[in-house]
Amino acid sequence: MRIKPLLAATWVNIGLLFVTTAHAQNSNTIMVQVNKPVAEVQPAMWGVFFEDINLGADGGIYAELVKNRSFEFYQPLMGWKVTQSKFNEGSVLVMNRAEKNTANPRFIRITKDAAADTLSITNEGFRGMGIKKGLRYDFSVAYRQPAAGLTVLVELVSMAGKIIGGTTITPVVTANEVWSKAAASFTATDTSLKATLHIRFEGTGKIDLDMISLFPEDTWKKRPGGMRADMIQLLADMKPGFIRFPGGCVVEGHELSTRYQWKKTIGPVEDRQLSINRWNSEFAHRPTPDYYQTFGLGFFEYFQLAEDIGASPLPILNCGMACQFNTAEVIPIDQLDPYVQDALDLIEFANGDVSTQWGKVRAHMGHSATFNLKMMGVGNENWGPQYVERLKIFSKAIKARYPDFKLVNSSGTDPNGERFDYLNSELRKMNADIIDEHYYRRPEWFLANAARYDNYPRNASKIFAGEYAAQSDHTVSIENKNNTETAIAEAAFMTGLERNAAVVNMASYAPLFAHIDGWQWTPDLIWVNNLQSYGTPNYYVQKLFSTNKGTNVVPALMDGKSISGQDSIYVSAVIDKNTGDVIVKLVNACDNPVSKIIELSGAKKFSETATLTLLKSNAAGDVNSFVHPDAVSPVTSATPVKGNKIAAVLPANSFSVYRVGMK
Ligand code: AHR
């Protein structure tokens, strides 16, 4: 339901308002006092939440194109198809060396007895493989071949069945069962959204294969085995203050054995023990049986990414409890030590010098310098006395070793209700550094709660709005859309977060990524297919806040009050001491334009022109898409500042950011 403005001023009225006295306070004037900073905006205020959901990591930012590359899925040949001219018993065998290699037990053994027969295996990729014409692709495989005889032909096959690139590998003879690695690169001759990788065997002989891999050359920073650059660029463009990682419910796992364990995500990729993804079977209406975590994107890559894009890392660790929506499995208190040790060791992995045990591991992976980790979350959406009991043990141990380290504590799944009230009270009794609040709610909730933090205590625990997104339908509905209405509701709410930066120190939308053919949860900030990615209207809201963060909140008042829904508008203002600008953010959440005067005070002079960045669309239901990725996206223009006043016309369903220079 859209809201009508109570007092929409006409442009003629606005003109008249310019001649009113300098300090007039009325419902058509927004007074912004640039010399009265009320709070600092934390440098890490606007961040991103990353979770391997919706093919966020495998099949998403981790640029590996081969699915089930080491045959460790529950069904070892899932994602692979065997084709042969004549059925030969055992021509493709799944082998298991669990006793010798617990992290990567399986491989396949190819046996070909007759040169005239054909035998091939085909990998379908993650809903196909996105292949770009003219781009180099790097193929690699681990193998053992006891005697010469087989040639391996590698081919990319387009959706139309055309070979669009390939290479030939002649494996050498490997002695004493030692694994060798073959690598070859080739250039794709055509583009395909859903290509497959075809591996043919010619000649006769026997060969063992593992870690069959294909990466594009154009990864982020061209790192071999790296991340998908277009997706990372969208993140980098947001200039996020932090990256929350790895979630989300994957932190907790369906049961404790499938919880996220950072130590299993570092070191050589072939030694990273795969785990079933918690979202594999979470929703009966969105089953994803091929969803696993290979951890090719692990904790080292995560820290490196945060460093690359200037974001603070914010890891979230398992607190000794599996997802309480699923099994609610808990580790007994007397067995919690290894969990706590994982947290302490992660801090050492990030910050320890190279002489420490984990600092050495980091250096060995190529990063001698520390990652400057300053905070960590203990528990994702955990709740109840069992959580508090475990959290206290973590907090004591971490604070004893690292007194200045900040800890994020969960307030559960919802921003109200019994669970929330219990945790909110317990965490405050514990003087929690930062309380993580989550809200997946309808747009109306976001509008109605834009003043949620106006009365939160200032000198107590800080708030991390750690997961939020307006749901156009309802939570976990597959009908939820990333449309203008939800984006505008979030923007309105975010003015309240910004105004209350004294208590709200961080915020992140969730989830971040979704693959159009592999998602479980909607809405999501960024949508991708195998070749393209686009930001939703919600993405642009996040980006506008983050790139117009400023350094200090200043009052923006109408009738002497902060603006949180009067005339359907929501306003916050900051100054940026680094650029010398004042930035006013205004949201109009109704279906009609609203006109206001922005009156600036407290500086000697304001620039004669303001930069206006405007996000709007004709209809609340408008969305972006692969065909029209910028349908709802910000447009920047110059607008006059008359002395100290701006005549602001806020279009229906819009978010306006005014930036004015000050002297
Ligand atoms: O963002 C999707 C899920 O929502 C997260 O994994 C979980 O923390 C929340 O319930």
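Residues numbered from 1 in each chain as written. Predicted model: local features only at pLDDT ≥ 70, side-chain atom pairs only at ≥ 80, totals over all residues. Heavy atoms only, no water.

Peer 1: Residue-level account of the overall build of the protein, with values.
Peer 2: Each helix and strand in the protein was counted, giving ten helices and 36 strands. For the protein, whose C-alpha radius of gyration is 27 Å, the value lies close to the compact-globule estimate of 26 Å for 663 residues. For the protein, restricting intrachain contacts to residue pairs at least 6 apart in sequence, the fraction spanning at least 24 positions comes to 77%. Approximately 25,200 Å² of the protein is accessible, and the part contributed by carbon and sulfur atoms is 54%. (Helix = DSSP H or I, 4+ residues; strand = E, 2+ residues; numbered from the N terminus. Rg over C-alpha atoms; globule rule 2.2 N^0.38 Å. Contact = heavy atoms within 4.5 Å. Areas by Shrake-Rupley, 256 points an atom, 1.4 Å probe, with all protein chains shown as cover.)

Peer 1: Provide a residue-level description of the pattern of salt bridges, including the pertinent values.
Peer 2: In total, this model carries 34 salt bridges according to the counting rule given. Ionic pairing is found between glutamate 155 and arginine 200, a salt bridge with its closest N-O pair at 2.8 Å. Of the two residues, glutamate 155 sits in strand S10 (residues 150-157) while arginine 200 sits in strand S13 (residues 192-203), which places them 45 residues apart along the sequence. The exposure class assigned to glutamate 155 is buried, which follows from its relative accessible area of 9%. Arginine 200 gets classed as partly exposed once you look at its relative accessible area, which sits at 27%. Where arginine 499 meets aspartate 454, a salt bridge forms, and the shortest distance between an N and an O atom there is 3.2 Å. Here arginine 499 is found in helix H9 (residues 484-499), whereas its partner aspartate 454 is found in the loop between helix H8 (443-448) and strand S22 (462-470), with 45 residues between them in sequence. Owing to a relative accessible area of 14%, arginine 499 belongs among the buried residues under this scheme. What emerges from the salt-bridge pattern is a single network uniting Lys67, Glu124, Arg127 and Asp290. (Salt bridge = Lys/Arg side-chain N within 4 Å of Asp/Glu carboxyl O. Buried < 20%, exposed > 50% of the residue type's maximum accessible area, 1.4 Å probe, protein only.)

Peer 1: I'd love a proper account of the packing of aromatic side chains, names of residues and values included.
Peer 2: Taken as a whole and judged by the stated rule, the model has 43 aromatic pairs. Ring geometry for phenylalanine 245 versus tyrosine 260: centroids 6.1 Å apart, planes at 80°, classification edge-to-face. Here phenylalanine 245 is found in strand S15 (residues 242-245), whereas its partner tyrosine 260 is found in the loop between S15 and strand S16 (275-276), with 15 residues between them in sequence. In this pair, the class of phenylalanine 245 matches that of tyrosine 260, namely buried. Each ring, one from phenylalanine 283 and one from tryptophan 521, has its centre 6.3 Å from the other, and the planes form 40°; the classification is tilted. Of this pair, phenylalanine 283 sits in the loop between S16 and strand S17 (292-293) while tryptophan 521 sits in the loop between strand S24 (513-515) and strand S25 (526-528), placing them 238 residues apart in sequence. Given the relative accessible area of 11%, phenylalanine 283 is considered buried. On the basis of relative accessibility, which here comes to 11%, the residue tryptophan 521 falls in the buried class. (Phe/Tyr/Trp six-rings, centres within 6.5 Å; stacked < 30°, edge-to-face > 60°.)

Peer 1: Talk me through the site of the ligand; I want residue IDs and the actual numbers.
Peer 2: Close contacts around the ligand come from Phe49, Glu51, Gly248, Cys249, Trp279, Asn380, Glu381, Tyr440, Glu467, Pro511 and Trp521, and that covers them all. At 2.7 Å from an oxygen atom of the ligand is found a side-chain nitrogen or oxygen belonging to glutamate 467. Coverage of the ligand by the protein amounts to 96% of the 280 Å² it exposes when considered alone. Partitioned by chemical class, the residues of the shell around the ligand number six nonpolar, two polar and three charged. (Near = heavy atom within 4 Å. Polar contact = N/O pair within 3.5 Å; in protein donor to acceptor, adjacent residues only side chain to side chain. Nonpolar A, V, L, I, M, F, W, Y, C, P; charged D, E, K, R; others polar.)

Peer 1: Residue-level account of the environment of glutamate 479, with values.
Peer 2: Within the secondary structure, glutamate 479 is located in the loop between S22 and H9. When near neighbours in sequence (up to four residues on either side) are disregarded, glutamate 479 contacts Ser472 and Asp473.

Peer 1: Account for H9, naming residues and giving values.
Peer 2: Counted at 1.5 Å a residue, the expected span for H9 with its 16 residues is 22 Å, and the 22 Å between its end C-alpha atoms agrees. Among the 16 residues in H9, 16 count as buried, and that is most of the element. Measuring from the backbone nitrogen of glutamate 485 back to the side-chain oxygen at the start of H9 gives 3.3 Å, which picks out asparagine 483 as the cap. (Expected span 1.5 Å × (residues − 1).)

Peer 1: Quick one: what's the story with the sheet that holds strand S30 (residues 569-576), residue by residue and with numbers?
Peer 2: Note: strands within a sheet are paired through backbone hydrogen bonds, in either parallel or antiparallel orientation. Strands sit in the order S2-S27-S30-S31-S36-S33-S34 across an open sheet of seven strands; the sheet is antiparallel. Only two strands of the sheet have a single partner each, and these edge strands are strand S2 (39-40) and strand S34 (635-640). Where strand S27 (residues 552-554) lies against S30, three bridges are found, and the strand directions are antiparallel. Note on S30: the bridge partner recorded for asparagine 552 is isoleucine 575. Sitting on the sheet, helix H10 (residues 537-546) is in contact with strand S31 (581-588), strand S33 (606-616) and strand S36 (654-662), with an inclination near 155° to S33. (Pairing = 2+ DSSP bridges. Axes fitted to C-alpha atoms, helices over the stretch in contact; angles between N-to-C directions.)

Peer 1: Residues and numbers for the sheet that holds S24, please.
Peer 2: Judged by pairing direction, the sheet is mixed, and its three strands sit side by side in the order S24-S25-S26 without closing on themselves. Whereas interior strands pair on both sides, the edge strands pair on one side only; in this sheet they are S24 and strand S26 (533-535). For this sheet, the mean angle separating the axes of adjacent strands, direction not counted, is 20°. Here S24 runs beside S25; their pairing, made up of three bridges, is parallel.

Peer 1: Requested: an account of the side chain of arginine 441, with residues and values cited.
Peer 2: Examined against the element boundaries, arginine 441 turns out to sit in strand S21 (residues 434-441). Residue arginine 441 is classed as buried on the basis of its relative accessible area of 19%. When near neighbours in sequence (up to four residues on either side) are disregarded, arginine 441 contacts Asp414, Pro415, Asn416, Phe446, Ala469, Ala470 and Gln471.

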